[in-house]
Each structure stands twice: as structure tokens, then as C-alpha cells.
Amino acid sequence: MEKPDYIEQVVTYCIVIAIATFAGIVKAIRKYQKVGNSMSIKTLLLKACADIVVAIFAGLMMFLWLQRGSEAVSLTTEHAFYISIAAYMGGQAIDIFVGIWQSIHDKTRGVK
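Residues numbered from 1 in each chain as written. Predicted model: local features only at pLDDT ≥ 70, side-chain atom pairs only at ≥ 80, totals over all residues. Heavy atoms only, no water.

**Concerning the pattern of salt bridges**
Evaluated as defined, the whole model comprises 2 salt bridges. One salt bridge connects Asp51 with Lys31, and the closest N-O pair in it is separated by 3.8 Å. On the criterion of sequence distance, the pair formed by Asp51 in helix H2 (residues 41–66) and Lys31 in helix H1 (residues 5–32) is long-range, its members being 20 residues apart. Residue Lys31 is classed as partly exposed on the basis of its relative accessible area, which comes to 30%. A salt bridge links Asp95 to Lys31, with the nearest nitrogen and oxygen atoms 2.9 Å apart. Of this pair, Asp95 sits in helix H3 (residues 77–108) while Lys31 sits in helix H1, placing them 64 residues apart in sequence. (Salt bridge = Lys/Arg side-chain N within 4 Å of Asp/Glu carboxyl O. Helix = DSSP H or I, 4+ residues; strand = E, 2+ residues; numbered from the N terminus. Buried < 20%, exposed > 50% of the residue type's maximum accessible area, 1.4 Å probe, protein only.)

**Structural notes on empty space enclosed by the protein**
Scanning the entire structure with this criterion turns up 1 cavity of 30 Å³ or more. Here the largest cavity is characterised by a volume of approximately 40 Å³. Every residue lining the largest cavity is listed: Lys27, Lys31, Asp51, Ala55, Ala87, Tyr88, Gly91, Gln92 and Asp95. Take the lining of the largest cavity: its biggest share by element is 5 residues, from H3. Residues that form the lining of the largest cavity fall into these classes: 3 nonpolar, 2 polar and 4 charged. (1 Å grid on protein atoms, 1.4 Å probe; cavity = no way out; pocket = protein on both sides within 12 Å on 5 of 7 lines; lining within 4 Å. Points joined across faces, edges and corners; volume = space filled by probe spheres on them. Nonpolar A, V, L, I, M, F, W, Y, C, P; charged D, E, K, R; others polar.)

**Some words on the packing of aromatic side chains**
Within this structure, the stated rule accounts for 2 aromatic pairs. With centroids separated by 5.3 Å and ring planes inclined at 85 degrees, the aromatic side chains of Tyr13 and Phe63 adopt a geometry described as edge-to-face. Here Tyr13, found in helix H1, pairs with Phe63, found in helix H2; they are 50 residues apart in sequence, far enough to count as distant. Accessibility expressed as a relative area gives 29% for Tyr13, which makes it partly exposed. (Phe/Tyr/Trp six-rings, centres within 6.5 Å; stacked < 30°, edge-to-face > 60°.)

The following block contains the structure:
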């Protein structure tokens, strides 16, 4: 008996989310291991969860971009590599934009 196609798609998306989550956890551990003692556990967990959510979003967007034009949902080793890199670096882009915004805000000293 052949399994339905939608079960394979659900499993593929679960694997993509798991890869992206793992990359987000690694990013959060590396990012907060130095400053973890100076902030409360609530703040630390909130920031780590935000990083993981951003990583999942970036991983899913990369997977959808890699699947463009193909009819079948498939996950290859190459796709898994790109998903993990996108998930790991997803929050980095946001951090860069926040740094730029803060430097502009500090130069103008909040003058409107």
C-alpha cells in the first residue's frame, strides 16, 4: 500500500522545521553564552525563543524558494544545507538592521 502524498509533504515540512529549529538553537546558544549571566532567565529565554522563531521563518522561506517551479515537495541534502545556513544567519540580518538603526538614531539623538 502506497502512502498518500500529503503525508510525505507533512513529514518533509516537519524535517525542514526541525533543521531550522536546530540551527536557531545553535545560534541562540552561541549568541547568548557570554551575556547569559548578566540578564534574567526570562529575558534570556524570550530572546532565545525569538531567535528560534526567526530561524524557522528563514528556513521555511529558503525551502519554499528552493522549491519554486517544482511540482513535488522534496528535500535533498543540498536543500538541507541551504536551509540550515539560512536559518542560522536569518537573525543576523535583523541584528545588522537594528545596529544601523541604532547608530542613525544615536547620531541624530532622537531629534525628529
